[in-house]
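# Secondary and tertiary structure notes
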Amino acid sequence: MAIKDYIRERFFPHMWCPGCGHGIILNNLLRAIENLGLKKNNIVMVSGIGCSARISGYVDFHTLHTIHGRALAFATGVKMSRPELNLIVPMGDGDALAIGGNHFIHAARRNINMTAIVMNNRIYGMTGGQYSPLSGYGTSATTAPYTNIDHDFDVVQLSVAAGATFVGRTTTYHVQQMVDILQKAITHHGFSVVEILTQCPTYFGRKNNAGDGVEMMKLYKDNTTSIGSKKKQENPDLIERGIFVQKELPEYCDEYKNIIARAKGK
Amino acid sequence: MAKAKLKTHSINREWCKGCGICVEFCPAKVLELDEHEKAVAARLSDCICCKLCELRCPDLAIDVVCEKEKEGTSEN
Ligand SMILES: Cc1ncc(C[n+]2csc(CCOP(=O)(O)OP(=O)(O)O)c2C)c(N)n1
Ligand code: SF4
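In this report, the structure presented in the accompanying data block is examined. (Residues numbered from 1 in each chain as written. Chains lettered and ligands numbered in written order. Predicted model: local features only at pLDDT ≥ 70, side-chain atom pairs only at ≥ 80, totals over all residues. Heavy atoms only, no water.)

## Some thoughts on unusual backbone geometry
Glycine aside, a negative phi is what most residues show, and trans is what most peptide bonds show. All names here are of chain A. With an omega dihedral of 0 degrees, the bond running from Phe12 to Pro13 counts as a cis peptide bond. Within the element layout of this structure, Pro13 appears in the segment before α1 (22-36). Unlike most non-glycine residues, Asn209 shows phi in positive territory, near 45 degrees. (Helix = DSSP H or I, 4+ residues; strand = E, 2+ residues; numbered from the N terminus.)

## Topic: the interface of chain B and chain A
Contacts between chain B and chain A engage 20 residues on the former and 31 residues on the latter. Here chain B meets chain A over a buried area of about 2,200 Å², counting both sides, of which 60% is carbon and sulfur. Viewed at the interface, chain A and chain B are joined by two salt bridges. Going through the elements one at a time, α1 (21-25) and α2 (52-56) of chain B are the ones with two or more residues in the side of chain B that touches chain A. In terms of residue class, the side of chain B that touches chain A is made up of nine nonpolar, four polar and seven charged. (Contact = heavy atoms within 4.5 Å. Buried area = accessible area lost by both parts, 1.4 Å probe. Salt bridge = Lys/Arg side-chain N within 4 Å of Asp/Glu carboxyl O. Nonpolar A, V, L, I, M, F, W, Y, C, P; charged D, E, K, R; others polar.)

## Some remarks on the side chain of A:Lys79
All names here are of chain A. Position of Lys79 among the secondary structure elements: in helix α3 (residues 71-81). Although buried, Lys79 forms no salt bridge, and the nearest oppositely charged side chain, Glu251, lies 5.8 Å from it. Leave out the neighbours within four places in its chain, and Lys79 touches Leu85, Leu87, Ile112, Asn113, Met114 and Cys253. (Buried < 20%, exposed > 50% of the residue type's maximum accessible area, 1.4 Å probe, protein only. Lys, Arg positive; Asp, Glu negative; His and termini not counted.)

## Let's talk about the site of ligand 2
Residues and elements named next belong to chain A. Around ligand 2 sit Trp16, Cys17, Cys20, His22, Cys51, Asn121, Gly125, Cys200, Pro201, Thr202 and Tyr203, and that is every residue in its neighbourhood. Here the element with the most residues in the shell around ligand 2 is helix α8 (residues 201-207); it accounts for three residues. Of the residues contributing to the shell around ligand 2, the split by class is seven nonpolar, four polar and no charged. (Near = heavy atom within 4 Å.)

## Remarks on the sheet that holds strand β6 (residues 191-197) of chain A
In any sheet, the strands associate via hydrogen bonds between backbone groups, in a parallel or an antiparallel arrangement. Residue and element names in this part refer to chain A. Ordered by their spatial adjacency, eight strands build an open sheet running β2-β1-β3-β4-β6-β5-β8-β7, and the pairing between neighbours is mixed. In this open sheet, the two strands that pair with only one neighbour each are β2 (62-65) and β7 (224-226). Along the sheet, successive strands turn relative to each other by an average axial angle of 20 degrees, direction set aside. As paired elements, strand β5 (residues 166-171) and β6 share six bridges and run parallel to each other. Bridge pairing in β6 links Val167 to Val193. Against the sheet, helix α5 (residues 101-110) engages β3 (86-92), β4 (114-120) and β6, with an angle of about 135 degrees to β6. Lying over the sheet, helix α7 (residues 175-187) contacts β3, β4, β5, β6 and β8 (239-246), oriented at roughly 160 degrees with respect to β5. (Pairing = 2+ DSSP bridges. Axes fitted to C-alpha atoms, helices over the stretch in contact; angles between N-to-C directions.)

## What to know about the site of ligand 1
All names here are of chain A. The environment of ligand 1 is made up of 17 residues, and the closest members are Cys51, Ser52, Gly94, Asp95 and Gly125. Measuring from an oxygen atom of ligand 1, one finds a backbone N or O atom of Cys51 at 2.8 Å. Within the backbone of Ser52, an N or O atom sits 2.9 Å from an oxygen atom of ligand 1. The protein chains hide 73% of the 590 Å² of surface that ligand 1 would expose on its own. Residue contributions to the shell around ligand 1 peak at three residues, all from helix α4 (residues 93-97). Looking at the shell around ligand 1, its residues break down into six nonpolar, nine polar and two charged. (Polar contact = N/O pair within 3.5 Å; in protein donor to acceptor, adjacent residues only side chain to side chain. Areas by Shrake-Rupley, 256 points an atom, 1.4 Å probe, with all protein chains shown as cover.)

## Quick word on the pattern of salt bridges
Pairing of side chains with opposite charge becomes possible as their charged atoms draw close. Residue and element names in this part refer to chain A. Counted under the stated rule, the structure contains 13 salt bridges over all chains. Of the charged contacts, one joins Asp180 and Lys184 as a salt bridge, the two residues approaching to 3.1 Å between their closest N and O atoms. Residue Asp180 and its partner Lys184 are both found in helix α7; the two are separated by four residues, about one turn of the helix. Of the residues examined, Asp180 reaches a relative accessible area of 35% and is grouped as partly exposed. Residue Lys230 is joined to Glu234 by a salt bridge in which the shortest nitrogen-to-oxygen separation is 3.3 Å. Residue Lys230 and its partner Glu234 are located together in helix α10 (residues 230-234), separated by four residues, close to a single helical turn. A network of salt bridges, in which partner residues are shared, links Arg8, Lys40 and Asp60.

Pasting the structure below:
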């Protein structure tokens, strides 16, 4: 199947701004799914609210466009009732880690089999550029005109600490790595987190003089490196990309099945 | 790097928003923005079939078809 077969073409061109990285994530998520040969009917995409969350409207899978911060809760409900389906949950950084932070850590802790994609543009795009828990100290936002004094989460460390059994990070510049990590995350049997650094030229870029989509992607190229690279040792400020954790632990739906069997005295 | 041969390179002008990402990151400098701020493949004969423009297009507007040889792609 070509990737065009996985989208709802009638809704294109999409609503994202010129140069917005969210479209690059859509593009390469579809390629990962195509490479895996997944059937459309076996995929459920659940999203919350945000520019990022609009992704679920564009894909021709089973889709739920739910409420802000609660995508993982809805996805948990779907997965518990239909464990054979592939759950993909793309979220903005605000959606996943501000209002949705608690759902996020507890889904990770349970190790329920789904793929959480954090589309991290370090800002609330949809509502006009307010700072998010990922904006970071010293950045500017509509709500931080004198710069932000909040420190940011490290999505990778947070996910690892919360118990996610697959954790990866990449950027919209590194598209081949994105496809590779997404494929591995989707096939992983457990809770997978993939953080993808994605540019919001309209708000984060403009507020922080980071330039347009092209310039912001150049920053991803220059400011990131592979996990444990020599470059990282020389410059500890570089952000690492790759797969940080990939381990097998009992999965939540499997455990629940065992509980049902036990309750029935089998 | 195995060389693939280009069959077709198409850009959906209805979907292209002229962000210039394909233009900037094409390793062979094949693309440009025209006077309507839409991407065009101005130097098609230089295309090396890496498909990076297709992969990085945020608008899903680019479709590169290559003859089936081993696909050579490059990325840092
Ligand atoms: C319960 C609730 N609170 C607040 C909002 C307003 N709201 C809509 S989207 C959003 C944040 C979007 O930021 P993010 O999740 O990072 O996604 P982005 O738009 O940047 O892709 C907020 C606060 C809402 N829709 N519902
Ligand atoms: S506001 Fe930002 S996140 Fe939203 S579509 Fe525009 S560039 Fe993308």
